[in-house]
Amino acid sequence: MVVILRIARGLLRLRYIVLGSAAAGGIHASKKIDEWKEKVPDFGWITEMFPDSEKVDRFRDALEEIVNKYSSDGFFSKATGTASEKYDLLKQWIEEAKMNRQKEMNRSSDLPPPADAKLNGTTESPINNQHTYFQTTNSKDSQSSSSNLAASQQEKLSKLQNELMSLQVKYQKEIDRLEKDNKELRKQVLLRTRNEKIPRNIRKSLIEMYSDVLDELGDFDTSYKTQDHLPRVVVIGDQSAGKTSVLEMIAGARIFPRGGGEMMTRSPVKVTLSEGPYHIAKFKDSSREYYVSNENELIELRNEIEQRMKNSVKGGRTVSSEVISLSVEGPGIPRMVLVDLPGMINTVTSEMAQNTREAIREISQMYMSNPNAIILCIQDGSVDAERSLVTEMVSQMDPNGKRTIFVLTKVDLAEQNMTNPSRIRKILDGKLFPMKALGYFAVVTGRGDKDERIESIKRYEEEFFSNSQLCRDGILNASQCSTQSLSLAVSECFWRMVKASVEQQADSYKALRFNLETEWMNSFPRMREWDRDELFEKAKSQLFDEIINLSQLNPTHWEEILSKKLRDKVRNDLIEDMYLPAYQIDNKGLFKTHIDIKLKQWVENELPSKSVEVGREALRDEFESLIEKAKSNPNHDSILDKLEAAVVEESWKRHHWEPKASEVLKVIQLNALEDYLIPDKNNWEKTIDFMQHCFREHIMTSDNELFILIGPGWYERWTQWTSRTPEQQTNVAIKNELDKLLQVLRFKPSELNLDGDNITTVRQNLQHQGIDVEDESIQKVWNHLYRIHSLKSAIQRGQECRKCFFLYKQGIETEVQYDDVIVFWRILKTLTATTNALRQQIMNREERRLEKEVKDVLDEFSQDHEMKSTLLTGRRVELAEELKRVRLIQEKLEEFIAALEREK
């Protein structure tokens, strides 16, 4: 019972807390409403200026109705939910009030709609939807009245026009103040929604989702011709016409590099504009955010854009079609996607590539050929219209002007240069250039100072149009002036075309996906749809498996491989450079001395480096052997072979043996070489086997070389239907004569080279047979015969030494010379120690270093899309890539369409 009473008491306390919070929240909301109402301007001055104007009264009533709706209980009763939803409802009420007042004005007014409102092919301009109806209607009233006034009333009409202009300026300032307050409120809403812990239904804004779709389409369809027909705002103009400045004015920051008359835009720059609480910019492939309100970060952003442009034009090119993707968000920025293209040029300078003009034209045509692209045609108003290059191209790509918006820049310079006002009027009426457009706008992009800030440029633009004689004389219509009017019109046109074309694109990609899936099922029915990235990861996993298998090889296996490779590597040096020259010495003491000198020189200068080469070859051969063995697996995918081979090859190029290894090996080898004592019979037999094996291998090599000189024997000639060449027949005759000479020389020859008497004897014997030969030919055949004869004699002597171990152990001198055995024992001991040291280096260090190099190569290849495209080829890979990309594009398009429906 006590517990129940405590719970009841807690609930009663909670009731007071809830009621108190509700009352406090209501008081706070009421104070906020009062503060906002105080900021609403007093439009009583309009009545003082035009006390009999019914239109002014209706406009004032409309504004008061908006304020009353905002401050009434109905707003807070209907606008339930988050601050963002309340703001959207307020915005909806404002739009409804404007539309209702617009309809009443059109019904009550006898004047026709403005003739210059051409945008979208209707009589209503997007600019008129931004609080400009009043100024446009009054301007038309003034013009209509002036046509009916008599000549005597011209002075009074001019005074009235001046008063009307002052009225417009004052009204515009009030509108600007309201818009500033609106931006601040919007910023607070965005900050609040960003900081909410509860996830929103739409994690990305519409423009971000649309930009992602365009990025995927750009990667998928590099030709930009058939598949990608989604809208973009393509900014095109002559070089230095101010197109980049217009884009910066829309983005609200001077984000692009500045140039002193030289070409700065060298590749297309896709800029995604969106609204956000902070003014930031970032690249598609980077997570860093640049705060453009910070001058230092703004400079870094410009430098990064400039560096990316320079990187895109390597190889002697001046311009590139490689797209730089950039996003900019900030308070009050209109949502759209613009592409800034390189400016059109008429002359190719010596600093440019010869095909620069054609390359710029091809890039521009490529983007404008998209039937849904909005062409923002920029024309410099300070130069003669006849010098324009861009207008003719635009008229060719969009002859009916259904997707072109014309912008006349540098109007302030045109006025200063005393340009004929009628020509400006013709330009903005679409009667001067051979092109048509949805709408025509005039803007001012600054005073020419590259360091001037956007805020200063906007103030200068506002002051210019407020005081410009072109506006006072009616040459420029207020709805056609200012960058703000332009951005609102472009944004509206952009989103209208997006909504009209996105569903058609989604349907086309759905059909494309069906066709690709059907092709895959028919061509590769039992294979997974692995794209290049997935295949690369599979190859990476297989290579790592082989690295692990390499580390698991046992020491005995390594020693067997290293011993064989090392003996084959040094055999020719041992016999040709040391043993055979010493074999010619009859003196036993001189033989030992000669061998000692040669062995020490060989170990100090050649053997360590050759040992390292043997280690590298053994490590590579074993690694490649494991890879080849894995290919015999039934589940092996042959499409990975080229990639794996390239990774192994690049890894070996980078793999270098440990620098200190050679010095360590030299010390070990010199110590082993000093061992003259053969400990037991077993090692004695092993040494003789090693010696005889080396001799037999070398005899086989000499026999093969001699076979090439003398040609096939009788068996090969009969079985293989071959014959000897005349040169080979001559060499056969030389060999026969030398064989006779060897039979005469019962003991080993004293020199490797025949003396003059023996050569003369052989040549004369051949001349009696009708064969003329050179001394060099005789010596060449003799070299092989001498090696074969000497090594066979050494093998025979080694066989006799097998019985002499006990005599050697007792130190008894015999007729059998076993000095050869002691020499080869020292060599065998050195090679065995070298093999063991190499095995330790491989297993302890080199395997891990090889693993690291393979990982590094794989990491580099994984970031190199071009490399993967080169190494992983075939229709199967291409089809899997297309399927993956088409599915992703279709999903993003469907997600974007769903977001559009939710916004409706």
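Residues numbered from 1 in each chain as written. Predicted model: local features only at pLDDT ≥ 70, side-chain atom pairs only at ≥ 80, totals over all residues. Heavy atoms only, no water.

Asks: Would you take a moment to explain the overall build of the protein chain for this structure?
Replies: What the protein chain contains, in helices and strands, is 32 helices and 9 strands. Across the 904 residues of the protein chain, 44% fall into the buried class. The contacts of the protein chain with a sequence gap of at least 6 include a subset with a gap of at least 24, amounting to 80%. Accessible surface for the protein chain amounts to roughly 48,200 Å². Of this, 50% is attributable to carbon and sulfur atoms. (Helix = DSSP H or I, 4+ residues; strand = E, 2+ residues; numbered from the N terminus. Buried < 20%, exposed > 50% of the residue type's maximum accessible area, 1.4 Å probe, protein only. Contact = heavy atoms within 4.5 Å. Areas by Shrake-Rupley, 256 points an atom, 1.4 Å probe, with all protein chains shown as cover.)

Asks: Looking at this structure, I do not really get the pairing of strand β1 (residues 233-237). What am I missing?
Replies: Consecutive side chains of a regular strand alternate in pointing toward one face of the sheet and then the other. Of all 5 residues in β1, 5 are buried; the element is thus mostly enclosed. Side chains Val233, Val235 and Gly237 project from β1 onto one buried face, and the interleaved Val234 and Ile236 project onto a second face that is buried too. Pairing of β1 with strand β6 (residues 336-340) involves 3 bridges; the strand directions are parallel. Its bridge partner being in β6, Val234 is matched across the sheet by Val339. As paired strands, β1 and strand β7 (residues 374-380) are joined by 5 bridges and run parallel to one another. Bridge pairing in β7 places Val235 opposite Leu376. (Pairing = 2+ DSSP bridges.)

Asks: Is there a simple way to explain the pairing of strand β9 (residues 439-442) in this structure?
Replies: Residues Gly439 and Phe441 line one face of β9 and the alternating positions Tyr440 and Ala442 line the opposite face, and both faces are buried. Of the strand pairs in this sheet, strand β8 (residues 404-409) and β9 are connected by 4 bridges, and their pairing is parallel. Bridged to Phe406 within β9 is Tyr440.

Asks: Mind showing me how you'd approach the environment of Leu741 here?
Replies: Looking at the element boundaries, Leu741 is found in helix α26 (residues 726-744). Given the relative accessible area of 15%, Leu741 is considered buried. With 21 residues separating them along the chain, Leu741 and Val762 place their C-alpha atoms 8.4 Å apart.

Asks: Before we go on, may I ask you to explain helix α15 (residues 454-467) in this structure?
Replies: Think of an α-helix as turning once every 3.6 residues; residues three or four places apart then point the same way. If you check α15, its first and last C-alpha atoms are 20 Å apart, about what 14 residues at 1.5 Å a residue would give, namely 20 Å. Of the residues making up α15, those classed as buried are Ile454, Ile457, Tyr460, Glu461, Phe464, Phe465 and Ser466. (Expected span 1.5 Å × (residues − 1).)

Asks: Explanation requested: the sheet that holds β9 in the structure shown.
Replies: The 9 strands are arranged β4-β3-β5-β2-β6-β1-β7-β8-β9 in an open sheet whose pairing can be described as mixed. Strands at the two margins of the open sheet, each flanked by one partner only, are β4 (290-291) and β9. The sheet contact formed by β7 and β8 spans 6 bridges and is parallel. For Gln379, the partnering residue across the bridge sits in β8 and is Leu408. With respect to the sheet, helix α9 (residues 243-251) is in contact with β1, β2 (269-275), β5 (324-330), β6, β7 and β8, its orientation differing from that of β6 by roughly 155°. Sheet contacts for helix α14 (residues 421-429): β8 and β9; angle to β9, the most-contacted strand, approximately 140°. (Axes fitted to C-alpha atoms, helices over the stretch in contact; angles between N-to-C directions.)

Asks: Got a minute to help me understand unusual backbone geometry in this structure?
Replies: Negative phi characterises most residues that are not glycine, and trans characterises most peptide bonds. One non-glycine residue, Ser240, adopts positive backbone phi at about 65°. For Ser240, a relative accessible area of 48% puts it in the partly exposed group.

Asks: When you look at the packing of aromatic side chains in this model, what are you seeing that I'm missing?
Replies: The relative placement of two aromatic rings is captured by the distance of their centres and the angle of their planes. A full pass over the atoms with the stated rule returns 19 aromatic pairs. Measuring from ring centre to ring centre gives 5.4 Å for Phe494 and Trp495, while their planes differ by 80°; the resulting arrangement is edge-to-face. Judged by its relative accessible area of 0%, Phe494 falls in the buried class. We classify Trp495 as buried; its relative accessible area is 9%. Measuring from centroid to centroid gives 6.1 Å for Trp782 and Tyr786, while their planes differ by 35°, and the two rings are tilted. Residue Trp782 and its partner Tyr786 are both found in helix α28 (residues 775-801); the two are separated by 4 residues, about one turn of the helix. The class of Tyr786 is buried, set by a relative accessible area of 1%. Site record: aromatic cluster; members linked through ring pairs are Tyr210, Phe494, Trp495 and Phe896. The ring of Phe536 is capped by Lys868, whose NZ or CZ atom sits 5.6 Å from the centre of that ring. (Phe/Tyr/Trp six-rings, centres within 6.5 Å; stacked < 30°, edge-to-face > 60°. Lys NZ or Arg CZ within 6 Å of the ring centre and 35° of its normal.)

Asks: How do you make sense of the pattern of salt bridges when you look at a structure like this?
Replies: Any two side chains of opposite charge can pair if their charged atoms end up close together. All chains considered together, the criterion is met by 47 salt bridges. Between Glu358 and Arg357 there is a salt bridge whose closest N-O contact spans 3.9 Å. Classification of Glu358 as partly exposed rests on a relative accessible area of 38%. Taking the shortest distance from any N to any O, the salt bridge between Lys410 and Asp380 comes out at 3.4 Å. Highlighted residues: Lys410 in the loop between β8 and α13 (411-416) and Asp380 in strand β7, separated in sequence by 30 residues. Judged by its relative accessible area of 10%, Asp380 is buried. (Salt bridge = Lys/Arg side-chain N within 4 Å of Asp/Glu carboxyl O.)

Asks: Help me understand the environment of Leu553 in this model?
Replies: Looking at where Leu553 falls in the secondary structure, it is placed in the loop between α18 (532-551) and α19 (555-583). When the C-alpha atoms of Leu553 and Glu622 are compared, they prove to be 9.4 Å apart, with 69 residues separating the residues in sequence. When near neighbours in sequence (up to four residues on either side) are disregarded, Leu553 contacts Trp558, Glu622 and Met843.

Asks: How should the confidence of the model for the protein chain be read in this particular structure?
Replies: Atomic detail in the predicted coordinates should be set aside for any region of low pLDDT. Looking at the protein chain as a whole, the pLDDT averages 77, with 74% of positions reaching at least 70. Across residues 43-52 the pLDDT falls below 50, and counting only partners more than four positions away or on other chains, this stretch makes 10 contacts in the model. A low-confidence stretch, residues 107-149 stays under pLDDT 50, and its non-local contacts, those more than four residues away or across chains, total 72 contacts. (pLDDT = per-residue confidence, 0-100.)

Asks: Looking at this structure, how should I read the packing of helix α24 (residues 681-710) against helix α30 (residues 819-863)?
Replies: To characterise two packed helices, one gives the angle between the axes of the helices and the distance between these axes. Direction vectors running N to C along α24 and α30 enclose 90°, while the axes themselves pass 9 Å from each other. Viewed along their axes, α24 and α30 adopt a mutual orientation that is roughly perpendicular. Facing α24, whose interface residues are Asn683, Trp684, Lys686, Thr687, Ile688, Phe690, Met691, Cys694 and Phe695, α30 presents Asp820, Val821, Phe824, Trp825, Ile827, Leu828 and Leu831. Looking at the contact of α24 with α30 residue by residue, the classes come out as 12 nonpolar, 2 polar and 2 charged. (Parallel < 35°, antiparallel > 145°, perpendicular 65-115°, else oblique. Nonpolar A, V, L, I, M, F, W, Y, C, P; charged D, E, K, R; others polar.)

Asks: I keep staring at the side chain of Arg571 and nothing clicks. Help me out?
Replies: Looking at the secondary structure, you find Arg571 in helix α19. Buried Arg571, no salt bridge; nearest opposite-charge side chain is Glu697, N-O distance 4.7 Å. Side-chain polar atoms of Arg571 contact the side chain of His698, separated by 3.4 Å. (Lys, Arg positive; Asp, Glu negative; His and termini not counted. Polar contact = N/O pair within 3.5 Å; in protein donor to acceptor, adjacent residues only side chain to side chain.)

Asks: I keep staring at the nonpolar core and nothing clicks. Help me out?
Replies: Burial of nonpolar side chains together is a common tendency in soluble globular proteins. Counting 97 residues, the largest nonpolar core has Trp602, Phe623, Trp684, Phe695 and Leu738 as the members making the most contacts within it. In terms of residues, this core owes the most to one element, α30, which gives 16 residues. Counting 69 residues, the second largest nonpolar core, distinct from the first, contains Ala241, Ile305, Val328 and Val498. (Core = buried A, V, L, I, M, F, W, Y, C linked by side-chain atoms within 4.5 Å.)

Asks: What is the right way to read the environment of Val313 from this model?
Replies: Considering the arrangement of structural elements, one finds Val313 in the loop between α10 (295-312) and β5. Of the residues examined, Val313 reaches a relative accessible area of 12% and is grouped as buried.

Asks: Honestly, the packing of α18 against helix α32 (residues 875-903) in this entry has me stumped. Any pointers?
Replies: Two numbers describe how α18 lies on α32: the axes approach to 9 Å, and their chain directions differ by 125°. When the axes of α18 and α32 are compared, the pair comes out oblique. Contacts between α18 and α32 involve Arg532, Asp533 and Leu535 on the former and, on the latter, Arg876, Val877, Glu878, Glu881 and Lys884. Residues belonging to the contact of α18 with α32 are distributed by class as follows: 2 nonpolar, no polar and 6 charged.

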